[in-house]
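Summary of the model geometry
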Amino acid sequence: KQEVTQIPAALSVPEGENLVLNCSFTDSAIYNLQWFRQDPGKGLTSLLLIQSSQREQTSGRLNASLDKSSGRSTLYIAASQPGDSATYLCAVTNTYNFNKFYFGSGTKLNVKP
Amino acid sequence: KAGVTQTPRYLIKTRGQQVTLSCSPISGHRSVSWYQQTPGQGLQFLFEYFSETQRNKGNFPGRFSGRQFSNSRSEMNVSTLELGDSALYLCASSLVGENTEAFFGQGTRLTVV
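Nothing here was measured: the structure is a model prediction, and the numbers come from that model.

A look at the state of the cysteines
Two cysteines form a disulfide when their sulfur atoms are joined by a covalent bond. According to the stated counting rule, one finds 2 disulfides over all chains in the structure shown. Across the disulfide, Cys23(A) is cross-linked to Cys90(A) (sulfur-sulfur distance 2.0 Å). Its torsion about the S-S bond being -55°, the disulfide of Cys23(A) and Cys90(A) is classed as left-handed. Of the two residues, Cys23(A) is situated in strand 3 (residues 19–25) and Cys90(A) in strand 9 (residues 86–94); the sequence distance between them amounts to 67 residues. The pair formed by Cys23(A) and Cys90(A) is uniform in burial state, with each residue classed as buried. Put simply, Cys23(B) and Cys91(B) are joined by a disulfide, and their sulfur atoms are 1.7 Å apart. Across the disulfide from Cys23(B) to Cys91(B), rotation about the S-S bond amounts to roughly -55°, and the bridge is consequently left-handed. With Cys23(B) in strand 3 (residues 19–24) and Cys91(B) in strand 9 (residues 87–94), this pair connects stretches of sequence that are 68 residues apart. Among the residues examined, Cys23(B) registers a relative accessible area of 0% and is labelled buried.

Structure representation (structure tokens):
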């Protein structure tokens, strides 16, 4: 069974810092890896999708990388802003079950002004 | 372009009652998935529908059921509600095929008293 772990569980940084969020998964037979953001009490906002054949994706200040062989992904946030404060979730789908996401428990980010 | 719409946003029900939640996917999206989010268990997969057929099901009791209509709108039903069913229920939609991005709605917050 696929298990997804996110470290750290919580992170507090001053505004302007660059930061890295980590995600690891146990089964390397993944189809996709998707990073989401969730604000309190709200739904999930898709940030980046990395297909299994890709190694990284970039959108604005966000860059996500994928290393299937080691079962790891990182989300890099450049020049953090208070508006980036949210919970960040990593989710993977497997090649034998590509319609089902396995989610990590998330990293709660607080960016202090 | 409208996003994924879930109704209602909030519900309060009594133990033993039943409830129906609705999800309208993004236009053109034919795959709809449902997830339950609780503080203790995180995000857990309930089921996925495509072309009115359930393709995948998570490890939830039979009290949880769903269906999809010909216009891709989906409903999920929970019968004989228990206190532990209190959660945020999230719906996701995606295009047909692999390697496509999933988009989530704002969720329905169900409270069972």
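Observations regarding the sheet that holds strand 8 (residues 74–78) of chain B
Two strands in a sheet stick together by hydrogen bonds in their backbones, pointing the same way (parallel) or opposite ways (antiparallel). All names here are of chain B. Taken in spatial order, the 4 strands of this open sheet run 1-3-8-7, and their pairing is antiparallel. Every interior strand has two partners, whereas the edge strands, strand 1 (5–7) and strand 7 (64–68), have only one. Across this sheet, the average inter-strand angle for adjacent strands is 20°, counted without regard to direction. Note: strand 1 against strand 3, 3 bridges, orientation antiparallel.

Description of the interface of chain B and chain A
Tallying the contact residues gives 21 residues for chain B and 19 residues for chain A. Carbon and sulfur atoms supply 51% of the area that chain B and chain A bury against each other, a total of about 1800 Å² over both sides. At the boundary of chain B and chain A, one finds 0 salt bridges. Counting the contacts that link chain B with chain A gives 6 residue pairs in polar contact (both at pLDDT 80 or more). Looking at the side of chain B that touches chain A, the elements with two or more residues in it are strand 4 (31–38), strand 5 (42–50), strand 6 (53–57) and strand 9 of chain B. Looking at the side of chain B that touches chain A residue by residue, the class counts come to 7 nonpolar, 8 polar and 6 charged.

Notes on the packing of aromatic side chains
For the structure on display, the rule yields 11 aromatic pairs over all chains. Ring plane angle 85° and centroid distance 5.6 Å describe the contact between Phe103(A) and Tyr35(B), whose orientation is recorded as edge-to-face. Remark: Tyr35(B) occurs in strand 4 and Phe103(A) occurs in strand 10 (residues 97–103); the pair is interchain, linking two chains. Relative to Tyr49(B), the ring of Phe47(B) lies with its centre 5.7 Å away and its plane at 70°, an arrangement referred to as edge-to-face. Relative accessible area serves as the criterion here: at 0%, Phe47(B) is assigned to the buried category.

What counts and what doesn't
- Residues numbered from 1 in each chain as written.
- Chains lettered and ligands numbered in written order.
- Predicted model: local features only at pLDDT ≥ 70, side-chain atom pairs only at ≥ 80, totals over all residues.
- Heavy atoms only, no water.
- Disulfide = S-S within 2.5 Å.
- Helix = DSSP H or I, 4+ residues; strand = E, 2+ residues; numbered from the N terminus.
- Buried < 20%, exposed > 50% of the residue type's maximum accessible area, 1.4 Å probe, protein only.
- Pairing = 2+ DSSP bridges.
- Axes fitted to C-alpha atoms, helices over the stretch in contact; angles between N-to-C directions.
- Contact = heavy atoms within 4.5 Å.
- Buried area = accessible area lost by both parts, 1.4 Å probe.
- Salt bridge = Lys/Arg side-chain N within 4 Å of Asp/Glu carboxyl O.
- Polar contact = N/O pair within 3.5 Å; in protein donor to acceptor, adjacent residues only side chain to side chain.
- Nonpolar A, V, L, I, M, F, W, Y, C, P; charged D, E, K, R; others polar.
- Phe/Tyr/Trp six-rings, centres within 6.5 Å; stacked < 30°, edge-to-face > 60°.

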